[in-house]
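Single-letter residue listing:
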Amino acid sequence: MQLNNHFFGIDVSSRWLDIASNDSHVIRIDNTLGGVESWLSNLPNKAVIAMEATSQYHLLVAKLAYSKGMIVYVLNPREVHHYARGVGRRHKSDKVDALLIRRYIEKENEYLTVWTPPTKEQEKISILIKRRSHVIVQKQALTLSCKDIRHLSQELDATLNSLQKLADELERMILEEIKSNKEQTHLFALLKSIPGIGKLTAAFFTNLLSHSHFKNADQLVCFMGMDLQFFDSGLKHSKRKLSKRGSSEARRLLFNCARAASQGKLKPLYESYASRMNHTMSTVAVMRKLTKLIYGVWKSGISFEISKFQSPLLNNT
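Residues numbered from 1 in each chain as written. Predicted model: local features only at pLDDT ≥ 70, side-chain atom pairs only at ≥ 80, totals over all residues. Heavy atoms only, no water.

A. Spatial organisation of the environment of Ser-300. With respect to the secondary-structure elements, Ser-300 resides in helix α12 (residues 279-300). For Ser-300, a relative accessible area of 43% puts it in the partly exposed group. Residues Ser-300 and Val-26, 274 residues apart in the sequence, show an inter-C-alpha distance of 48 Å. From its side chain, Ser-300 meets the backbone oxygen of Val-297 in a polar contact 3.4 Å long. (Helix = DSSP H or I, 4+ residues; strand = E, 2+ residues; numbered from the N terminus. Buried < 20%, exposed > 50% of the residue type's maximum accessible area, 1.4 Å probe, protein only. Polar contact = N/O pair within 3.5 Å; in protein donor to acceptor, adjacent residues only side chain to side chain.)

B. Structural context of the nonpolar core. Counting 51 residues, the largest nonpolar core has Ile-194, Met-224, Leu-290 and Ile-294 as the members making the most contacts within it. Listed by contribution, the elements that provide at least two residues to this core are α5 (120-146), α6 (153-179), α7 (182-192), α8 (199-211), α9 (217-223), α10 (248-262), α11 (267-274) and α12. In terms of residues, this core owes the most to one element, α12, which gives nine residues. Among all residues touching Met-224, those that are not within four sequence positions of it are Phe-204, Phe-205, Leu-208, Gly-246, Ala-250, Arg-251, Leu-254 and Thr-291. With 21 residues, the next largest nonpolar core counts Phe-8, Val-36, Leu-59 and Met-70 among its residues. (Core = buried A, V, L, I, M, F, W, Y, C linked by side-chain atoms within 4.5 Å. Contact = heavy atoms within 4.5 Å.)

C. Structural view of the packing of aromatic side chains. Counted according to the given criterion, the structure contains six aromatic pairs. Seen in terms of ring centroids, Phe-8 and Trp-39 are 5.8 Å apart; in terms of plane orientation they differ by 85°. Their pairing is edge-to-face. Of this pair, Phe-8 sits in strand β1 (residues 7-12) while Trp-39 is found in helix α1 (residues 33-40), placing the two residues 31 residues apart along the sequence. The two residues Phe-8 and Trp-39 agree in class, both being buried. An angle of 80° between the planes, with centres 5.3 Å apart, marks the rings of Phe-204 and Phe-205 as edge-to-face. Exposure class is identical for Phe-204 and Phe-205. Each is buried. Here the basic side chain of Arg-240 rests over the ring of Phe-230, its NZ or CZ set 4.1 Å away from the ring centre. (Phe/Tyr/Trp six-rings, centres within 6.5 Å; stacked < 30°, edge-to-face > 60°. Lys NZ or Arg CZ within 6 Å of the ring centre and 35° of its normal.)

D. Highlighting the packing of α10 against α12. Between α10 and α12, the least distance of the axes is 8 Å, while the angle of their chain directions is 100°. Looking at the two axes, α10 sits roughly perpendicular to α12. Counted together, Arg-251, Leu-254, Phe-255, Cys-257, Ala-258, Arg-259 and Ser-262 of α10 and Thr-283, Val-286, Met-287, Leu-290, Thr-291 and Ile-294 of α12 form the full contact between these two elements. Its residues placed into classes, the contact of α10 with α12 shows eight nonpolar, three polar and two charged. (Axes fitted to C-alpha atoms, helices over the stretch in contact; angles between N-to-C directions. Parallel < 35°, antiparallel > 145°, perpendicular 65-115°, else oblique. Nonpolar A, V, L, I, M, F, W, Y, C, P; charged D, E, K, R; others polar.)

E. Looking closely at the layout of surface pockets. Taken as a whole, the largest pocket holds about 2,300 Å³ of empty space. Those elements that place two or more of their residues in the lining of the largest pocket are β5 (71-75), α3 (77-86), α5, α8, α9 and α10. Residue contributions to the lining of the largest pocket peak at eight residues, all from α5. By volume, the second largest pocket amounts to about 560 Å³. The wall of the second largest pocket is formed by 21 residues, among which Leu-228, Leu-242, Met-281, Val-284 and Ala-285 lie closest to the centre. Contributions of two or more residues to the lining of the second largest pocket are made by β7 (241-242), α10 and α12. Of the residues forming the lining of the second largest pocket, the biggest block, eight residues, is contributed by α12. Looking at the lining of the second largest pocket, its residues break down into nine nonpolar, three polar and nine charged. (1 Å grid on protein atoms, 1.4 Å probe; cavity = no way out; pocket = protein on both sides within 12 Å on 5 of 7 lines; lining within 4 Å. Points joined across faces, edges and corners; volume = space filled by probe spheres on them.)

F. The arrangement of unusual backbone geometry in detail. Despite not being glycine, Lys-46 shows a phi value in the positive range, around 60°. Within the element layout of this structure, Lys-46 appears in the loop between α1 and β4 (48-52). The phi torsion at Lys-244 lies on the positive side, around 55°, for a residue other than glycine. Within the secondary structure, Lys-244 sits in the loop between β7 and α10. Residue Lys-244 is classed as exposed on the basis of its relative accessible area of 52%.

Laid out in structure tokens, this is it:
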């Protein structure tokens with residue numbers, strides 16, 4: 001089959017894939033190994049394939065396409081949603097979504113990052129981190145919703161203790177996976193040298209940086225969703241706030257690290273921020289600083305030393 005257009009947009013579901021190959025043609029195939037391999041065998045070399053991240057359902061076609069040397073983009077659904085509003089989409093269906101994704105990747109591919117699959121070990125660590133996050137969220141929800149029911153305090157305590165044990169076991173498994181790889185073990189140790197960075201946060205960033213490519217620290221800050229978002233126009237200056245487009249779990253971990261660092265070696269830095277901002281904004285500023293320190297340690301391959309940190313506030317302590 002001869003295909004003149006090398007851009008393909010895929011709307012993914014658990015059962016099938018809707019694939020747009022041009023501005024009007026959309027086909028549907030089964031989201032199975034046989035169905036995907038059969039479709040991919042007819043594509044030209046270096047075809048560009050794009051899809052939204054949809055739990056685990058997009059991984060089959062993404063991995064198979066990558067293994068055949070094709071260029072794969074896994075898109076943030078939020079970005080695609082805003083693009084759809086920007087181009088004036090009036091309705092939504094699987095076919096329309098596939099056509100929209102194809103249009104998006106054809107017009108914007110030069111500004112997007114090509115997807116590369118993680119190793120089995122990296123994927124396992126990501127899954128364990130997500131599962132631990134779900135356990136912690138459930139534990140916090142139960143604590144808040146049942147704390148006023150006094151006659152259930154014993155049952156609640158037993159449940160919360162069980163959830164904490166589960167979270168601790170998942171953390172142990174995460175650290176065990178990290179320590180099984182020499183390169184990751186080295187980076188893990190480097191990241192732990194940064195003030196406030198604990199084992200779980202170091203494990204998260206070790207896994208992230210092992211298979212991601214960031215050109216500078218600002219890219220990592222944006223990836224974490226800690227870049228400032230604003231909408232200025234003329235004389236109007238909108239309120240600055242975080243974009244929050246990255247992993248919420250990563251920001252939660254960093255928030256805890258920032259609070260610890262703000263009471264430790266980075267306390268002068270926090271106090272400097274606090275002199276002109278409120279507590280939350282100051283803590284976020286420390287989070288951004290920690291993210292840049294993580295990038296610096298990763299790129300240099302050298303442990304963090306407070307005496308070498310280029311900040312007059314800290315060098316005077």
